[in-house]
Amino acid sequence: MFHAMFTPKHPHIFQVISCLFLVYLSWGSCFISNRFALESFHAFMLCGLRMTLAGVLLYGLTWLRGERVTPSRRDLKQSSILAFSMVFIASGFLSKGQESVSSGTAAMILGAVPVWMVLGGWLFCGDPKPSKAQFAGLGCGFSGLLLLSVHQGISGDDSAFGILLIFCAALGWVLGSFQSKKFGAGSKLSVMRASALLMTVGGLQSLLWAFLSGEFNGFSLAGVSPTSWAALAYLIVFGAIIGYTCYFWLLTHTRTVVAISYEFVNPVIGVFLGWLLAGERVDGIIILACCMTVTSVFFIVSQQKPRAER
């Protein structure tokens, strides 16, 4: 039954498991890395530096591997659209939101991405109507996020505006994921080169906004702490180069349900690392909200039915 989760291309199971593991590791730890990097960098500046450097490095790597296909005008247009959703909004808004929201809370909100994926696929992309079990999962997920938002707002640990920004980041990622499946079929670029182009364009968009919004005013590299430099390096290598490349490969070679399965573990990893490395508060309400979010994802994903084109 496991092989039925894959597309007709039937990628080797070792490739799928390896990519899933790397996505779990990379993105599950990005929330705490963002927090440490934000101690010295501003939000969109951080996003821009991370993505631009990652994109340039990844593009250079593809060149060393012998790839010489240059982006077409269509590739540039599509990358600009995807970059706005999946980099500027998804990563930029996440960084901005994490200025006033704990890494554990951010991880749980982003953990509800499959909720939006199922709803978006049904309402806008012609996917089947969610089953009763999926609707139950959607309700559980919404309830968990509502409980978390109210609890964190009342306790004063997180700002309501920061939580709203991270919700927008989640929606940007979902929109970009749907667009990437539509755009990817017509491109001659490899997954790595397409990812490099996406990150470079999105990084430049973020840097432009950082400049226009005054984030560079008074900024000095001498004031960046070693911890923030290390966090930025981690975000470039793992959060961007490895994470994005593996995710897009999974979207292309497996069903969407497989690609988004990292959302099972991201909330747990995010909450645990926030508590372990940054001393973030974890109480019964937060654990309950985390369990509700993970449970909702399980019900939603387990009820997904394969589609012919996947």
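Counting of residues starts from 1 at the beginning of each chain's written sequence and follows it residue by residue. Per-residue local features are limited, in this predicted model, to residues with pLDDT of at least 70; the limit for side-chain atom pairs, both in listing and counting, is 80 or more; totals at the level of whole chains, interfaces and linings are taken over all residues. For the side-chain quantities, the full set of heavy atoms in the structure was used; hydrogens and water were omitted.

(A) Looking closely at the layout of surface pockets. Grid spacing is 1 Å over the protein atoms alone, the probe is 1.4 Å, and a cavity is where that probe fits but cannot get out, while a pocket is an open set with protein on both sides within 12 Å along at least five of seven lines and lining residues have an atom within 4 Å of a point. Grid points are joined across faces, edges and corners, and a volume is the space filled by probe spheres set on the points. Its volume calculated, the second largest pocket comes out at about 240 Å³. In this structure, the second largest pocket is lined by W116, L119, G120, L123, F124, C125, L171, V174, L175, F178 and Q179. For the lining of the second largest pocket, the elements supplying multiple residues, two or more each, are α6 (113–124) and α8 (160–184). When residues are sorted by character, Ala, Val, Leu, Ile, Met, Phe, Trp, Tyr, Cys and Pro go into the nonpolar class, Asp, Glu, Lys and Arg into the charged class, and all the rest, Gly among them, into the polar class. Tallied by class, residues from the lining of the second largest pocket come to nine nonpolar, two polar and no charged. Only DSSP runs of H or I reaching four residues or more are called helices, and only runs of E reaching two or more are called strands; each is numbered from the N terminus.

(B) A look at helix α3 (residues 43–64). A helix's residues, less one, multiplied by 1.5 Å, set its expected span. Here α3 is 22 residues long and its end C-alpha atoms lie 32 Å apart, about the 32 Å a rise of 1.5 Å per residue gives. Downstream of α3 by one or two residues, G66 has phi in the positive range, about 95 degrees.

(C) Up close: the environment of W209. Relative to the helices and strands, W209 resides in helix α9 (residues 191–212). The exposure class of W209 is partly exposed, given its relative accessible area of 41%. Spatially, the C-alpha atom of W209 lies 15 Å from that of M86, the residues being 123 residues apart in sequence. We call two residues in contact when some of their heavy atoms are within 4.5 Å. Not counting chain neighbours up to four residues away, the residues in contact with W209 comprise F44 and F88. Think of it in three bands: with a 1.4 Å probe and only protein chains considered, a residue is buried below 20% of the maximum accessible area for its type, exposed above 50%, and partly exposed in between.

(D) Geometry of the state of the cysteines. Disulfides are defined as pairs of cysteine sulfur atoms found within 2.5 Å of each other. In total, this model carries zero disulfides according to the counting rule given. Cysteine C19 is unpaired, with the sulfur of C246 as its nearest cysteine sulfur at 4.0 Å.

(E) Structural detail: empty space enclosed by the protein. Under the criterion given, the structure shown has two cavities of 30 Å³ or more. A volume near 260 Å³ is recorded for the largest cavity. Forming the walls of the largest cavity are 17 residues, and the residues nearest its centre are W27, F31, L94, L110 and W173. The set of elements that each furnish at least two residues to the lining of the largest cavity consists of α2 (30–37), α4 (73–97) and α8.

(F) Molecular detail of helix α5 (residues 103–110). Burial of α5 is extensive: eight of the eight residues sit out of reach of the surface. Along α5, the residues classified as buried are S103, G104, T105, A106, A107, M108, I109 and L110.

(G) Spatial organisation of the packing of aromatic side chains. To pair, rings of Phe, Tyr and Trp, with the six-membered ring standing in for Trp, must have centres within 6.5 Å; the planes then decide the type, stacked if under 30 degrees apart, edge-to-face if over 60, and tilted in the middle. Scanning the entire structure with this criterion turns up 16 aromatic pairs. Their ring planes at 20 degrees and their centres at 4.7 Å tell us that Y234 and F238 sit as a pair that is stacked. Of this pair, Y234 and F238 both sit in helix α10 (residues 226–253), four residues apart, roughly one helical turn. Using a relative accessible area of 26% as the deciding quantity, one classes F238 as partly exposed. With a centroid separation of 6.2 Å and 50 degrees between ring planes, the pair formed by Y244 and F248 is classed as tilted. On the criterion of helical spacing, the pair formed by Y244 and F248 is a turn pair, its members being four residues apart in helix α10. Residue classification places Y244 among the buried positions, given a relative accessible area of 2%.

(H) Seen up close, the packing of α5 against helix α12 (residues 266–278). Axes here mean lines fitted to C-alpha atoms, for a helix over just the part in contact, with angles spanning 0 to 180 degrees between N-to-C directions. The N-to-C vectors of α5 and α12 enclose an angle of 180 degrees; their axes lie 8 Å apart at closest approach. Between α5 and α12, the interaxial angle falls into the category roughly antiparallel. Across the interface between the two elements, S103, G104, A107 and M108 of α5 pack against N266, P267, G270, V271 and G274 of α12. For the contact of α5 with α12, the residue count by class is four nonpolar, five polar and no charged. Orientation is classified from the angle alone, with under 35 degrees giving roughly parallel, over 145 giving roughly antiparallel, 65 to 115 giving roughly perpendicular, and any other angle giving oblique.

(I) Structural view of the nonpolar core. We define the nonpolar core as a collection of buried residues of types Ala, Val, Leu, Ile, Met, Phe, Trp, Tyr and Cys that are connected through side-chain atoms lying within 4.5 Å of one another. One finds W27, W173, Y244, Y247 and L250 to be the most contacted residues of the largest nonpolar core, which totals 79 residues. Looking at this core, the element that brings in the most residues is α10, giving 13 residues. Setting aside residues no more than four positions away along its own chain, Y247 makes contact with V23, W27, M86, W173, S177, A259, I260 and Y262.

(J) Main features of the environment of G214. Position of G214 relative to the elements: it lies in the loop between α9 and α10. Residue G214 is classed as partly exposed on the basis of its relative accessible area of 21%.

(K) Here's a closer look at the side chain of S103. Inspection of the secondary structure assignment puts S103 in helix α5. Its relative accessible area of 1% is what places S103 among the buried residues. Polar contact criterion, stated in full: a pair of N or O atoms within 3.5 Å, where within protein one must be able to donate a hydrogen and the other to accept it, and residues adjacent in sequence count only if both atoms are side-chain atoms. Within polar-contact distance, the side chain of S103 engages the side chain of E280 at 2.8 Å. If near-sequence neighbours (up to four positions away) are discounted, S103 is found in contact with F31, I32, Q98, G270, G274 and E280.

(L) A look at the packing of helix α1 (residues 13–28) against α10. Close contact between α1 and α10 brings their axes to 9 Å; oriented N to C, the two are set at 140 degrees. On the basis of the axis angle, α1 is oblique to α10. Every pair of crossing elements has a handedness; the one defined by α1 and α10 is left-handed. Of the residues in α10, those touching α1 at Q15, V16, C19, L20, L22, V23, L25, S26 and W27 are Y234, F238, G239, I242, G243, Y244, C246, Y247, W249 and L250. Its residues assigned to classes, the contact of α1 with α10 shows 15 nonpolar, four polar and no charged. Should the near helix be turned anticlockwise from the far one by less than a right angle, the crossing is left-handed, and should it be turned clockwise, the crossing is right-handed.

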